[in-house]
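Per-entry structural report
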Amino acid sequence: MMPEATNSDLLLPRRTQAVDGWTLHSYSTLPSTNPVAGALPAWHAVRADIQTHGHGRTGRTWVSDAGGLWLSAVLPTPGPRQQWAILPLAAGWAAIESLRKIGVTGLRLRWPNDIMAGRRKLAGLLVEQFHPETAVIGIGVNVANQPHRTDPALGNISITLDELAEHHRSLDELTLLLLRAFRDMQLALLHNGFADMAGRINAHWTRSGLVELSLNGREAPVRGSFQGIDAEGRLWFTDPGGSLHTLEASQVALLREVD
Ligand code: BTN
């Protein structure tokens, strides 16, 4: 009789390979790539064809069907933790820049972790710190998958890279592109500083529209205009009277664009 597969048997990678300074572990199916990456040292990355419990910020479900890119990369984050507060935004910026290099233009960031094509979401990021010295950048990119088949509500609000790009890009090619971009972004943060990165990130917002912020511990959302971020990842926001407010990212539960 065949012995029953245990959880750890099921969590063995299909392939582990060296990729441009990274060690990439590829799995067929995982609950989520982020916690698996969280147990690994810096410069390791984890990819899965399918995630059964893909999730985003505040525990929201992230549909992770076959054909999309579900990737988590472990970056070193030396020094004080607070100075890396900008990392989730810098990772989104790096992903947009890398996609621009392969001809996918016109993407924008929506605070804090969405990569948008117009009003539709192409990709989302979830950055988690499992250890003080490293951070896991989890990114999900809709590529050739069909998230609306799992959740019809995603039909109007998500978009795939195949719909945007001139021709299909393989998941291997995109993995390499993103891992390089995350490495270069980490180096840029260390060498050029966090203020320089904030300036680059601020070029990618749509700042004109009205937004609604749900603040932790406050019932009524506040409306106003999102102005960008500072070097510590704090939000700048003007209220309808024109007064400027600075908010810690941790104070903001949700930012919603108001039509
Ligand atoms: C969001 O939009 O709320 C963030 C979605 C992040 C999804 C990625 S896919 C790889 C990694 N594993 C997860 O469970 N989440 C991230």
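Scroll up a little and you will see the structure.
Right, let's walk through the structure included here.

**As for helix H3 (residues 87-101)**
- The end-to-end C-alpha distance of H3, which contains 15 residues, comes to 21 Å, matching closely the 21 Å that a straight helix rising 1.5 Å per residue would cover.
- Most of H3 is tucked away: 12 of the 15 residues are buried.
- Of all the positions in H3, only Leu87, Leu89, Ala90, Ala91, Gly92, Trp93, Ala94, Ala95, Ile96, Glu97, Ser98 and Leu99 are classed as buried.
- Positive phi shows up at Gly103, right after H3, with a value of about 90 degrees.

**Structural notes on the packing of aromatic side chains**
- Evaluated as defined, the whole model comprises three aromatic pairs.
- Residues Trp62 and Trp70 carry aromatic rings whose centres are separated by 6.3 Å and whose planes lie at 80 degrees to one another, so their mutual orientation is edge-to-face.
- Residue class for Trp62 comes out buried when judged on its relative accessible area of 18%.
- Here the aromatic rings of Trp84 and Phe194 are separated by 5.3 Å at their centres, their planes lie at 85 degrees, and the arrangement is edge-to-face. On the criterion of sequence distance, the pair formed by Trp84 in the loop between strand S4 (69-76) and H3 and Phe194 in helix H7 (residues 194-202) is long-range, its members being 110 residues apart.
- You can call Phe194 buried: its relative accessible area is 13%.

**With respect to the site of the ligand**
- Taken together, 20 residues lie near the ligand, and Ser32, Gln51, His55, Gly56 and Lys121 sit nearest.
- Separating an oxygen atom of the ligand from a side-chain N or O atom of Lys121 is a distance of 2.5 Å.
- Coverage of the ligand by the protein amounts to 99% of the 410 Å² it exposes when considered alone.
- When atom positions are compared with the pocket grids, the ligand is found to occupy the largest pocket.
- By residue number, the principal contributor to the shell around the ligand is strand S7 (residues 120-131), which donates four residues.
- Looking at the shell around the ligand residue by residue, the classes come out as five nonpolar, 12 polar and three charged.

**Observations concerning the pattern of salt bridges**
- Evaluation of the coordinates by the stated rule reveals 19 salt bridges.
- With its nearest N and O atoms 3.1 Å apart, the salt bridge here joins Glu212 to Arg256. A residue pair is termed long-range when its members are at least 10 positions apart, and Glu212 in strand S9 (residues 210-215) and Arg256 in strand S13 (residues 252-257) qualify at 44 residues.

**A word on the sheet that holds strand S6 (residues 114-117)**
- If you trace the eight strands from one edge of the open sheet to the other, you get S1-S2-S3-S4-S8-S7-S6-S5, paired in mixed fashion. With one partner strand each, in any of the chains shown, strand S1 (15-19) and strand S5 (107-110) form the two edges of the open sheet. Averaged over all pairs of adjacent strands, the angle between strand axes in this sheet comes to 20 degrees, irrespective of strand direction.
- Examined bridge by bridge, S5 and S6 share four bridges and lie antiparallel to one another. When the bridges of S6 are listed, Leu107 appears paired with Ala117.

**Quick notes on the packing of H3 against H7**
- The N-to-C vectors of H3 and H7 enclose an angle of 55 degrees; their axes lie 10 Å apart at closest approach. Here H3 lies oblique to H7, going by the angle between them. H3 and H7 meet at a crossing whose hand is left-handed. Here Leu89, Ala90 and Trp93 of H3 come into contact with H7, specifically with Met197, Arg200 and Ile201.

**A word on the pairing of strand S12 (residues 244-247)**
- Examined bridge by bridge, strand S11 (residues 235-238) and S12 share four bridges and lie antiparallel to one another. Bridging from a neighbouring strand, Leu235 pairs with Leu247 of S12.
- Remark: five residues form the turn of the hairpin made by S11 and S12, two consecutive strands paired antiparallel; Gly242 in that turn has positive phi of roughly 95 degrees.

**A few points about the nonpolar core**
- Membership of the largest hydrophobic core comes to 64 residues, with the highest contact counts inside it found for Phe182, Met185 and Ile201.
- Looking at this core, the element that brings in the most residues is helix H6 (residues 171-192), giving 10 residues.
- Met185 has contacts with Leu75, Leu87, Ala90, Ala91, Trp93, Ala94, Ile137 and Met197, leaving out every residue within four places of it along the chain.
- Counting seven residues, the second-largest nonpolar core is a separate cluster that includes Tyr27, Leu30, Ala37 and Val136.

Reading the values: the criteria
Residues numbered from 1 in each chain as written. Predicted model: local features only at pLDDT ≥ 70, side-chain atom pairs only at ≥ 80, totals over all residues. Heavy atoms only, no water. Helix = DSSP H or I, 4+ residues; strand = E, 2+ residues; numbered from the N terminus. Expected span 1.5 Å × (residues − 1). Buried < 20%, exposed > 50% of the residue type's maximum accessible area, 1.4 Å probe, protein only. Phe/Tyr/Trp six-rings, centres within 6.5 Å; stacked < 30°, edge-to-face > 60°. Near = heavy atom within 4 Å. Polar contact = N/O pair within 3.5 Å; in protein donor to acceptor, adjacent residues only side chain to side chain. Areas by Shrake-Rupley, 256 points an atom, 1.4 Å probe, with all protein chains shown as cover. 1 Å grid on protein atoms, 1.4 Å probe; cavity = no way out; pocket = protein on both sides within 12 Å on 5 of 7 lines; lining within 4 Å. Sits in = over half its atoms within 2 Å of the grid points. Nonpolar A, V, L, I, M, F, W, Y, C, P; charged D, E, K, R; others polar. Salt bridge = Lys/Arg side-chain N within 4 Å of Asp/Glu carboxyl O. Pairing = 2+ DSSP bridges. Axes fitted to C-alpha atoms, helices over the stretch in contact; angles between N-to-C directions. Parallel < 35°, antiparallel > 145°, perpendicular 65-115°, else oblique. Left-handed = near helix turned anticlockwise from the far one by under 90°. Contact = heavy atoms within 4.5 Å. Core = buried A, V, L, I, M, F, W, Y, C linked by side-chain atoms within 4.5 Å.

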